[in-house]
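# Understanding the architecture of this molecule
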Amino acid sequence: PSPTPVPEPTAVPFIYWNMDENSGSTINDSVGSNDGTVSGTSWVTGHDNSGLGFNGLSSYVDCGAGSSILGTGAFSITGWIKTGSTNGVIIQQRSAVAIDGEYRLMVDGNGKIEWFAYDVAQGYGFYLTSPSAVNDGAWHHIVALRASDGSGEVYIDGVLDISGGGIANVMSSINVYIGSDKRD
């Protein structure tokens, strides 16, 4: 089948972390002031410049609650990943004590992309697992979308891999973490 083009963005990014600092303990937000604090990671060669290497457990970037997606509107998350592992968080807005209004984008135990949105009142808005695995050690461009109607989509390397209907859950102010599930 021919690739399904990734929809063109209609808004200016809320946050944009290039991760091109190549050193230090901060990733800078290029469009705002939502910088992240690096912990336990190492600077590595990235897709375009530098990047961060994560071990899936204790290395992460704490982006704080100011980086939270809020409300019921549409949003997307995009990034380049390269992994040969399974069970690794790419990015999440989650808390062990405040589970209302969260999302998670990760590589699951089978090397596939898992993407969900959740709030207490409505449960999962969607919970998607891609049919394609990405844990082959190659670079993959991942786009995860939540549409204004609550449906979800995952694109891998510019091709729609999975989509599903859903409910527009209310996203709340919860810390955002890259690279690890810091709820536990």
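Just above, that's the structure.
The following refers to the structure shown.

The rules we used
- Each chain has its residues counted from 1, following the order in which its sequence is written.
- Confidence filtering applies because this is a predicted model: local features only for residues at pLDDT of at least 70, side-chain atom pairs given and counted only at 80 or more, and all residues used for totals across whole chains, interfaces and linings.
- In computing side-chain properties, one takes all heavy atoms of the structure into account and sets aside hydrogens as well as water.
- When DSSP finds two or more bridges between two strands, those strands count as paired.
- Strands here are runs of E lasting at least two residues and helices are runs of H or I lasting at least four, both read from the DSSP assignment and numbered beginning at the N terminus.
- Note on definitions: salt bridges are taken to be side-chain nitrogens of Lys or Arg within 4 Å of carboxyl oxygens of Asp or Glu.
- For helices, the fitted axis covers only the stretch in contact; all axes are lines through C-alpha atoms, and the angles between them, taken along N-to-C directions, range from 0 to 180 degrees.
- Burial classification: accessible surface area is computed with a 1.4 Å probe over protein chains only, and a residue below 20% of its type maximum counts as buried, one above 50% as exposed, and the rest as partly exposed.
- The charge count includes Lys and Arg as positive and Asp and Glu as negative, but it does not include His or the ends of the chains.
- Contact definition: two residues touch when any of their heavy atoms are within 4.5 Å.
- Each pair of aromatic rings taken from Phe, Tyr and Trp, with Trp reduced to its six-membered ring, is defined by centres within 6.5 Å and is described as stacked if the planes are under 30 degrees apart, edge-to-face if over 60, and tilted in the remaining cases.
- Any N or O atom pair separated by 3.5 Å or less is treated as a polar contact, with the protein-specific requirement of one donor-capable and one acceptor-capable atom, and with residues adjacent in sequence counted only for side-chain atom pairs.

Looking now at the sheet that holds strand β10 (residues 123-133). Sheet strands pair via backbone hydrogen bonds, and the direction of the pair is either parallel or antiparallel. A sheet is described by the order of its strands in space; here 8 strands give the open sequence β1-β2-β5-β14-β7-β8-β9-β10, paired in antiparallel fashion. The open sheet has two edge strands with one neighbour each: β1 (26-27) and β10. Taken together, the 3 bridges between strand β2 (residues 36-39) and strand β5 (residues 60-64) define a ladder with antiparallel strand orientation. Counted as the bridge partner of Thr37 is Asp62 from β5.

Next up on the list: the pattern of salt bridges. All told, the structure shown has 3 salt bridges when counted by the stated rule. Across the pair Glu102 and Arg94 runs a salt bridge whose closest N-O atoms are separated by 3.5 Å. One salt bridge connects Arg94 with Asp181, and the closest N-O pair in it is separated by 3.8 Å. Here the residue Arg94 occupies a position in the loop between β7 (88-93) and β8 (102-107), and Asp181 occupies one in the segment after β14 (176-178), the gap between them amounting to 87 residues. Residues joined by salt bridges that share partners form a network here, namely Arg94, Glu102 and Asp181.

To continue, consider the sheet that holds strand β11 (residues 139-146). Judged by pairing direction, the sheet is antiparallel, and its 4 strands sit side by side in the order β6-β11-β12-β13 without closing on themselves. What marks the edges here is a single partner per strand, and that holds for β6 (75-82) and β13 (159-164). Adjacent strand axes in the sheet meet at a mean angle of 15° when their direction is disregarded. Pairing of β11 with strand β12 (residues 152-156) involves 5 bridges; the strand directions are antiparallel. Across the sheet, the residue bridging to Leu145 is Glu153, located in β12.

Summarising the element assignment, Asp161 is placed in strand β13. The side chain of Asp161 is buried and forms no salt bridge, while Lys112, the nearest opposite charge, is found at 8.0 Å. The residues contacting Asp161, other than those within four sequence positions of it, are Ser130, Pro131, Ser132, Val154, Tyr155 and Ile156.

The next point concerns the packing of aromatic side chains. Applying the stated criterion to the full structure yields 9 aromatic pairs. Taken together, the ring pairs connect Phe75, Tyr103, Trp115 and Phe126 into an aromatic cluster.

Relative to the helices and strands, Asp119 resides in strand β9 (residues 112-119). No salt bridge is formed by the buried Asp119, whose closest oppositely charged neighbour, Arg146, lies at an N-O distance of 7.0 Å. Among the polar contacts listed, one links the side chain of Asp119 to the backbone nitrogen of Ala121, at a separation of 3.3 Å. Within the structure, the side chain of Asp119 is placed 3.4 Å from the side chain of Asn169, a separation counted as a polar contact. Beyond its immediate chain neighbours, meaning those up to four positions away, Asp119 contacts Asp100, Gly101, Asn169 and Val170.

Shape descriptors only; they carry no functional weight alone.
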